[in-house]
Amino acid sequence: MVKMTRRRLLAAGLGGGALLLVGSGLRWFTSGYQLLPGEASVGLSVKELCVVRSLVEMFFPASGALPSGVALGVHQRIDEEVWSQPQAMREDLQAAIQLIEHAPLLLGFSGRMSSLDLPEREKAFQRLLASDRDVVVQAAVALKQMAHLFYYGHPDTWKAIGYDGPWQPRPLPPESSARYQSFMVDAAGRLARGERS
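What comes next concerns the included structure. Not measured: the values here are computed from a predicted model. Every chain is numbered on its own, with residues counted from 1 as its sequence reads. Whole-chain, interface and lining totals are the exception, using all residues; otherwise, since this is a predicted model, local features are given only for residues with pLDDT of at least 70 and side-chain atom pairs are given and counted only at 80 or more. Here the side-chain values reflect all heavy atoms present in the structure, with hydrogen atoms and water set aside.

Every helix listed is a DSSP run of H or I at least four residues long, and every strand listed is a run of E at least two residues long, numbered separately from the N terminus. When you go through the protein residue by residue, the secondary structure sums to eight helices and zero strands. Mapped from its N terminus to its C terminus, the protein presents α and β elements in the order α-α-α-α-α-α-α-α. Burial status follows relative accessibility: with a 1.4 Å probe on protein chains alone, a residue under 20% of its type maximum counts as buried, one over 50% as exposed, and anything between as partly exposed. In the protein, buried positions account for 34% of the 197 residues. Look at the contacts in the protein between residues 6 or more apart in sequence, and 60% of them connect residues 24 or more apart. A 1.4 Å probe and the Shrake-Rupley method give the accessible areas. Residues count as covered only by the protein chains that appear here. For the protein, the accessible surface area stands at approximately 12,600 Å², while carbon and sulfur atoms represent 60% of it. Contact definition: two residues touch when any of their heavy atoms are within 4.5 Å.

Written as structure tokens, this is what we have:
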């Protein structure tokens with residue numbers, strides 16, 4: 001039988017407290033992310049897709065004749081683009097999303113990017129764009145440009161901005177787009193059955 005001295009009891013308490021703190025921190029780091037009906041994460045993790053959705057929601061709220069970016073599925077289009085890239089590019093984009101999600105905490109904001117309300121999210125994103133750290137600026141600019149490309153490339157925005165459409169009468173999506181759609185249907189089916197990716 002091991003005799004519990006005051007020192008052993010204190011060490012066990014400190015060790016248990018540290019484990020609890022680390023476990024809580026890890027849970028906070030990865031919890032609170034939920035897909036909306038009809039969404040599926042194929043190229044991004046569930047967390048990353050939720051972060052991208054929060055950025056798209058900030059960039060493109062519904063305004064007059066312009067639909068919201070989330071309603072147009074811009075975040076899913078970014079997921080598709082990430083999925084279609086080579087592994088190294090995919091990892092860079094995923095790292096950029098993770099950086100944008102957690103950087104506001106280092107800038108004095110009270111939470112992760114996706115948990116901030118819209119006005120605070122906009123302030124935090126503007127601070128990322130104005131950062132003196134190149135990697136932060138590059139991550140923010142890359143995601144902003146990608147979102148703008150897919151939003152204004154969507155036919156539902158063309159009339160509102162006075163664009164009469166491309167010369168090519170019928171869109172010719174790349175073969176990877178059809179493959180992505182089948183992955184998305186499969187992922188949505190697994191989610192509906194309660195299976196994990």
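Moving on, we come to the environment of A103. Locating A103 in the fold gives a position in helix 4 (residues 87-106). As for A103 and F125, which are separated by 22 residues in sequence, their C-alpha atoms are 9.4 Å apart.

For Phe, Tyr and Trp, where Trp contributes only its six-membered ring, two rings pair if their centres lie within 6.5 Å, and the inter-plane angle classes them as stacked under 30 degrees, edge-to-face over 60, or tilted in between. Tallying each qualifying case throughout the model produces seven aromatic pairs. Aromatic pair F59 and F125: ring centres 5.2 Å apart, planes at 80°, arrangement edge-to-face. Within this pair, whereas F59 is found in helix 2 (residues 46-59), its partner F125 is found in helix 5 (residues 118-129), the two being separated by 66 residues in sequence. Summarising the burial analysis for this pair, F59 and F125 share the class buried. Residues W158 and Y163 carry aromatic rings whose centres are separated by 5.2 Å and whose planes lie at 85° to one another, so their mutual orientation is edge-to-face.

Every axis corresponds to a line fitted to the C-alpha atoms, with the helix fit spanning only the stretch in contact, and the corresponding angles, defined between N-to-C directions, vary from 0 to 180 degrees. Remark: helix 4 packs on helix 6 (residues 134-152), axes separated minimally by 9 Å, with the N-to-C direction vectors making an angle of 105°. Judged by the angle between their axes, helix 4 and helix 6 are roughly perpendicular. Counted together, L93, A96, I97, L99 and I100 of helix 4 and V135, V136, A139, A140, L143 and M146 of helix 6 form the full contact between these two elements. Residue polarity follows a fixed list, in which Ala, Val, Leu, Ile, Met, Phe, Trp, Tyr, Cys and Pro are nonpolar, Asp, Glu, Lys and Arg are charged, and the others, Gly among them, are polar. The residue inventory of the contact of helix 4 with helix 6, partitioned by class, reads 11 nonpolar, no polar and no charged. Note on terminology: angles under 35 degrees are roughly parallel, angles over 145 are roughly antiparallel, angles of 65 to 115 are roughly perpendicular, and the others are oblique.

This next bit is on helix 6. Multiplying 1.5 Å by the residue count of a helix minus one yields the expected span of that helix. The end-to-end C-alpha distance of helix 6 is 27 Å, a good match for the 27 Å that 19 residues give at a rise of 1.5 Å each. By the burial criterion, the buried members of helix 6 are V136, A139, A140, L143, M146, A147, F150 and Y151. Viewed along the axis of helix 6, the buried residues span an arc of 135°, placing them on a single side of the element. Of the residues in helix 6, the exposed ones pointing more than 90 degrees away from the buried face are D134, Q138, Q145 and L149. Throughout, the arc means the angular range of directions from the helix axis out to the C-beta atoms.

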